[in-house]
Amino acid sequence: MPRPDSVPPDVQARLDGARARIASACAKAGRDPAGVRLVAVSKTFPAEAVRAVHAAGQRVFGENYVQEGVDKIASLAFLADAAIEWHFIGPLQSNKTRQVAEHFAWVHGIDRLKIAERLSEQRPPGMPPLNVCIQVNVSGEASKSGVTPAEAAALAQAIAALPRLKLRGLMSIPEPVAGVDAQRAPHRALRFLFERLKAAGLDLDTLSMGMSADLEAAIAEGATLVRVGTAIFGERERPL
Ligand SMILES: *Cc1c(COP(=O)(O)O)cnc(C)c1O
């Protein structure tokens, strides 16, 4: 497999550009930019690239692959003075939950109770609770992971009752479409579901939606956390 470029050029400009997009989307929506967290998605890029984006001021990073993420976490542990908050955003198999429970601060793609139960059992008691989001399949494609909107409430209630986890909210990866209006529809559906769960008594504060191509649409619909890879790190050689 070819090695990705070690450190993308113009890291500071790319990071500033992503932040400027968030700020202008917030201004348009009448929202405070402090209410939208930026997760820099570093999957496929090496630790040196993360280090460069960290030096440009970013502290929150997302990884999709367990081993790749754990390796980067270990090699960047020396940055503890300005520690990185690591988010696991990829699909998670049950034989990999322990590494995630022991090394990450957040997990975004939960769509089965069994995975949440394992994370709860395996989260070391000395660490703060693991923050989790339930992945919802808002576009309805058969191939994608995520619970249906109808299944979300029961799963949320069950996860909220687990020790050592903190259920923070909902996450989605809608089918890519062009145009802000078309992009807004699935984000709006996720926000409606989020509001419904909160009305049912769940204590949620995170709507994890929006990536490089659709962060404006996501922020217009209430995203509190956007996951941005390409706009910061450049194109990936591996598709995911
Ligand atoms: C890769 C990925 C992202 C970032 O995608 P970009 O289009 O590169 O911004 C966000 N969320 C998830 C779950 C991803 O897998």
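A brief structural summary. Source: prediction; values computed, not measured. Each chain has its residues counted from 1, following the order in which its sequence is written. With pLDDT at 70 or above as the cut-off, local features in this predicted model cover only qualifying residues; side-chain atom pairs require 80 or more to be listed or tallied, and sums for whole chains, interfaces and linings still use all residues. As a rule here, side-chain values come from all non-hydrogen atoms in the structure, and water together with hydrogens is ignored.

Comments concerning the pattern of salt bridges
Right, on to step 1. Here, a salt bridge means any side-chain nitrogen of Lys or Arg that lies within 4 Å of a carboxyl oxygen of Asp or Glu. In the structure shown here, the tally under the stated rule is 10 salt bridges.
Right, on to step 2. One salt bridge connects D203 with K166, and the closest N-O pair in it is separated by 3.5 Å. Here D203 is found in the loop between α7 (180-199) and β7 (206-208), whereas its partner K166 is found in strand β6 (residues 165-171), with 37 residues between them in sequence.
Right, on to step 3. The shortest N-O distance in the salt bridge between R188 and E221 comes to 3.0 Å. Runs of E in the DSSP output that reach at least two residues are strands. Runs of H or I that reach at least four are helices, and both are numbered from the N terminus.

Details of the side chain of E221
Right, on to step 1. If you trace the backbone, E221 turns up in the loop between α8 (215-220) and β8 (225-228).
Right, on to step 2. Reaching out from E221, the side chain makes a polar contact with the side chain of R191 at a distance of 2.6 Å.
Right, on to step 3. Two residues qualify as a contact provided that any one of their heavy atoms is within 4.5 Å of a heavy atom in the partner residue. Apart from residues no more than four positions distant in its own chain, E221 is found in contact with R184, H187, R188, R191, L207 and M209. Under the rule applied, a polar contact is a pair of N or O atoms within 3.5 Å (in protein, one hydrogen donor and one hydrogen acceptor; residues adjacent in sequence only if both atoms are side-chain atoms).

Details of the side chain of Q135
Right, on to step 1. Summarising the element assignment, Q135 is placed in strand β5 (residues 130-135).
Right, on to step 2. The classification of residues rests on relative accessible area computed with a 1.4 Å probe and restricted to protein chains. Under 20% of the type maximum is buried, over 50% is exposed, and intermediate values are partly exposed. A residue is classified by how much of its surface remains accessible, and Q135, at 6% relative accessible area, is buried.
Right, on to step 3. Residues contacting Q135, with those up to four places away along its chain left out, are H108, G109, I110, D111, S145, G146, V147, M171 and I173.

Describing the packing of aromatic side chains
Right, on to step 1. Classification of ring pairs rests on two measures: the distance between centres of Phe, Tyr or Trp rings, Trp counted by its six-membered ring, which must be within 6.5 Å, and the angle between planes, read as stacked under 30 degrees, edge-to-face over 60 and tilted in between. Following the criterion strictly, the structure yields three aromatic pairs and no others.
Right, on to step 2. A ring pair is formed by F45 and F233, whose centres lie 5.2 Å apart and whose planes are at 25°; its orientation type is stacked. Taken together, the residues span a long stretch of sequence, with F45 in the loop between β1 (37-41) and α2 (47-55) and F233 in helix α9 (residues 230-233) at a distance of 188 residues.
Right, on to step 3. Taking the relative accessible area as the measure of exposure, F45 reaches 4% and is therefore buried.
Right, on to step 4. Relative to W86, the ring of F61 lies with its centre 6.0 Å away and its plane at 40°, an arrangement referred to as tilted. Separated by 25 residues along the polypeptide, F61 in strand β2 (residues 60-63) and W86 in strand β3 (residues 85-88) bring together distant segments of the chain. Both residues of the pair, F61 and W86, belong to the buried class.

Concerning the site of the ligand
Right, on to step 1. Note on definitions. A residue lies near a molecule or strand when any single heavy atom of the residue is within 4 Å of it. Neighbouring residues of the ligand: 14 residues in total, closest K43, S212, G229, T230 and R236.
Right, on to step 2. A distance of 2.8 Å is found between an oxygen atom of the ligand and a side-chain nitrogen or oxygen belonging to N64.
Right, on to step 3. One nitrogen or oxygen atom from the side chain of R236 is found 2.8 Å from an oxygen atom belonging to the ligand.
Right, on to step 4. Under the convention used here, a 1.4 Å probe and the Shrake-Rupley method define accessible areas, while residue burial counts only the protein chains that appear. The protein chains hide 92% of the 390 Å² of surface that the ligand would expose on its own.
Right, on to step 5. Note on residue classes: Ala, Val, Leu, Ile, Met, Phe, Trp, Tyr, Cys and Pro are nonpolar, Asp, Glu, Lys and Arg are charged, and everything else, Gly too, is polar. Tallied by class, the residues present in the shell around the ligand amount to seven nonpolar, four polar and three charged.

Remarks on the environment of I159
Right, on to step 1. Structurally, I159 can be placed in helix α6 (residues 149-160).
Right, on to step 2. Setting aside chain neighbours within four positions, we find I159 in contact with I110, L113, A116, V132, I134, L165 and L167.

Considering the layout of surface pockets
Right, on to step 1. Roughly 160 Å³ of internal volume is contained in the second largest pocket.
Right, on to step 2. The distinction between a cavity and a pocket rests on a 1 Å grid over the protein atoms alone: a 1.4 Å probe fits inside a cavity but cannot get out, while a pocket stays open yet meets protein on both sides within 12 Å along at least five of seven lines, and a residue with an atom within 4 Å of a point counts as lining. Taken together, S24, A25, K28, A29, V180, R184, E216, A217, I219 and A220 make up the lining of the second largest pocket.
Right, on to step 3. Those elements that provide at least two residues to the lining of the second largest pocket are α1 (11-29), α7 and α8.
Right, on to step 4. Looking at the lining of the second largest pocket, its residues break down into six nonpolar, one polar and three charged. Grid points are joined across faces, edges and corners, and a volume is the space filled by probe spheres set on the points.

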